[in-house]
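Reading the structure
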Amino acid sequence: MRKRLFVSAWSLMVLLTVYVTTVVGVVGVGAEPTIITYQSNVKALTSSDFVKRLTALPEWEPFFDLFTQTCDKRIDKELSRENLQRKLPEPIVNDLRFFLESGISTKNGIETVFQHLEAVIGELQADFDHEEIDENLQDITDLLQGRKKDLDLEFDGLLAFIVDVNPRSFLTFLKYFRERTDYRFLRNEPNGDFVLKFDFEYRDRDIEFCCAGVKLANGRYVFLFSDDDSIEQYCRAFRTGRYAQLDTAEPKKEIVLEETCFRFLDRQLKKLKRDFNGEVVIENFIDRQQEPVKLNSNGLEFFGKIKKATMTLHEVNGVSQLHVKAIMRTAEDARFVRDLLMGLLAFAQLNVANNAPERGLLQAVQIDASGADVLVTVKLDNPELWKLIAKGLQQATEKLKNRQ
C-alpha cells in the first residue's frame, strides 16, 4: 500500500512538474549559460538542527495537523469529479478520484515524499546573447506594470529528483498519452535507463520536453526533466560528470545566482532606463495602496556591481545557520554594500522596542566584508528567533481555525 501510495503521489508530482515546465516555455536551444542553480538535500534536512527545533515546538503539531487537514479539504473540493470532468478526459478523472478516495492524505503524502526523496537539483539557463532575451525581460516589466498577463519565457535548464524508487514505476502516466504520437523513447534499456521525449498539443499550446531515469549507486536513481538537446548531457552529469559526486548527506539548501544573471539584469535594466528616460517604475506588489516603486540610475547600476550571490541553509558545528555571500566586482563595492546593510540593520533596531524578540534577532545578524566578498550570517539557534517562529505558528493556526 505504501509503495503504491508513493508511486501514485509521485505520478501527480510528475504531471505537475510537466505542467509548470511547459508553462514557462522550456524549449531546446543547446548548452547555454547557467544563471541560477539550486540544491535541496530533502531527506538530510529532516534530521537537521533547524527541523528538530521546529518540530519540538509545542505550537508545531497543532499547526501541522490543522494545515494538512485544511489542504485535504481544499484538494477534495478543487479536484471534485465535477471540476475534473471539465478539464480532463474521463479515464484520468476516474484514476484521480480513485487515488483521492483511497485514503491518501496530505500529511502521510508529505511524510512519504520526505522518506523517499533524497534531493532536488535545479538549473536555470538563458542565452545572454539571444535576440529574444530583451523581449523576455520586457514581458516581465510589462507584467509588473499591469500591461500584459500572458508570458512566454524561453528558458532552459534542469529539474532533477534523486530518489530511492526506480523511476520506471512512475511511468504509469504514459497510458494517458499516445506512443509515437504524443511521446517516444529516445533510449530504453531493458531494466535500465530510459529517455522519453514528449511532443503534443494541450489547449492550443505546443508542449515539448524530455524526461529521463538514470540508475545511480546504492539503490538510488535520478528522475530528471530537461529539453532534448540537453537531456543526454545531464544524464552523463549524474553518472560520471559534475553531479556524480554530489554530496546529498549534508543538511543543506542552496541557491546560487551566477554572474550571467547579474550581467543579464544589468544590461536589460539599463536598456529600460533608456526607454523610460532614466526612470523605471515598477508596480508595488507588497502594498498596492502605496505608490509604485521607482528605480533611478543608481538603483539600476547596482546589479552590474555583483558577480555572484549565494544563499545557503546548512549546519556549522551542529547548528543550522543561514549564510548569504555576495561577490562584488571590487573591494570598494563590497565595503559600500556592507556599510549599507549595517545602516539598514541599525535603522531597523531603532524601530523596535528594547525587549522585543525582533531586536534580539536583529542583533544576532552578522555582516562583514572580506576583499570583494560581503558576508551575512544568521545562526538559527537564537532564542528570539524561535520565539518569533512559535508566535507565527500560533497565529497561523488561529487563522486556519477561523477559516474552518
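Summary of the structure given here. (Residues numbered from 1 in each chain as written. Predicted model: local features only at pLDDT ≥ 70, side-chain atom pairs only at ≥ 80, totals over all residues. Heavy atoms only, no water.)

**Let's talk about the overall build of the protein**
- The helix and strand tally for the protein stands at 14 helices and 14 strands.
- In the protein, buried positions account for 41% of the 404 residues.
- In the protein, the proportion of contacts linking residues at least 24 apart, taken out of those at least 6 apart, comes to 68%.
- Put simply, the protein shows about 22500 Å² of open surface, and 53% of that area lies on carbon and sulfur atoms. (Helix = DSSP H or I, 4+ residues; strand = E, 2+ residues; numbered from the N terminus. Buried < 20%, exposed > 50% of the residue type's maximum accessible area, 1.4 Å probe, protein only. Contact = heavy atoms within 4.5 Å. Areas by Shrake-Rupley, 256 points an atom, 1.4 Å probe, with all protein chains shown as cover.)

**Comments concerning the packing of aromatic side chains**
- As enumerated under the stated definition, the model contains 17 aromatic pairs in all.
- Taking the centre distance of 5.9 Å and the plane angle of 50° together, the rings of Trp60 and Phe63 count as tilted. Of this pair, Trp60 and Phe63 both sit in helix α4 (residues 60-78), three residues apart, which is roughly one turn of the helix.
- Assessed through its relative accessible area of 16%, Trp60 is described here as buried.
- A relative accessible area of 16% places Phe63 in the buried class. (Phe/Tyr/Trp six-rings, centres within 6.5 Å; stacked < 30°, edge-to-face > 60°.)

**Side note on helix α6 (residues 90-100)**
- For α6, every residue scored as buried is listed here: Ile92, Val93, Leu96, Arg97, Phe99 and Leu100. Buried positions in α6, seen along its axis, are confined to an arc of 155° and lie on one side of it. Along α6, exposed side chains directed more than 90 degrees from the buried face belong to Pro91 and Phe98. (Arc of directions from axis to C-beta.)

**Quick notes on the sheet that holds strand β14 (residues 373-379)**
- Taken in spatial order, the twelve strands make up an open sheet running β4-β5-β6-β7-β3-β2-β1-β8-β11-β12-β14-β13, and their pairing is antiparallel. Looking at strand neighbours, the two that pair on one side only are β4 (183-188) and β13 (366-370), the edges of this open sheet. Direction aside, the axes of adjacent strands within the sheet are offset by 15° on average.
- Taken together, the five bridges between strand β8 (residues 253-257) and strand β11 (residues 306-316) define a ladder with antiparallel strand orientation. For Val256, the partnering residue across the bridge sits in β11 and is Thr310.
- Against the sheet, helix α9 (residues 231-239) contacts β2 (117-125), β3 (156-163), β4, β5 (194-202), β6 (205-215) and β7 (221-226), and its axis sits at roughly 155° relative to β7.
- Each of β12 (319-328), β13 and β14 touches helix α12 (residues 331-350); the most contacted strand, β13, lies at about 170° to it. (Pairing = 2+ DSSP bridges. Axes fitted to C-alpha atoms, helices over the stretch in contact; angles between N-to-C directions.)

**Looking at the side chain of Gln349**
- The residue Gln349 is located in helix α12 in this model.
- Given the relative accessible area of 18%, Gln349 is considered buried.
- Ignoring any residue separated from it by four or fewer positions in sequence, one finds Gln349 in contact with Arg359, Leu362 and Gln363.

**Focus on a negative patch on the surface**
- Together, Asp199, Glu201, Asp204 and Asp206 make up a negatively charged patch on the protein surface.
- Residue position: Asp199 is located in strand β5. (Patch = residues over 30% accessible without salt bridge, like charges linked within 9 Å, V, L, I, M, F, W, Y side chains within 5 Å. Salt bridge = Lys/Arg side-chain N within 4 Å of Asp/Glu carboxyl O. Lys, Arg positive; Asp, Glu negative; His and termini not counted. Charge placed at Lys NZ, Arg CZ, Asp CG, Glu CD.)

**Regarding the pairing of β13**
- Residues Ile367 and Ala369 point to one face of β13 and are all buried, whereas Gln366, Asp368 and Ser370, pointing to the other face, are not buried.
- Pairing analysis gives five bridges linking β13 to β14, with the strands arranged antiparallel. Along β14, the bridge assignment pairs Ser370 with Asp373.
- Where β13 folds back on β14, the antiparallel hairpin that results is connected by two residues, among which Gly371 adopts a positive phi of roughly 65°.

**Quick look at the pattern of salt bridges**
- One pass over the structure, following the stated rule, counts 26 salt bridges.
- Ionic pairing is found between Arg329 and Glu259, a salt bridge with its closest N-O pair at 3.0 Å. Placement of Arg329 in the loop between β12 and α12 and of Glu259 in helix α10 (residues 259-275) is noted, with a sequence separation of 70 residues between them.
- Assessed through its relative accessible area of 37%, Arg329 is described here as partly exposed.

**So, a nonpolar patch on the surface**
- Taken together, the side chains of Phe336, Leu340, Leu341 and Leu344 make up a nonpolar region of the molecular surface, amounting to roughly 360 Å² of accessible area.
- With respect to the element layout, Phe336 can be found in helix α12.

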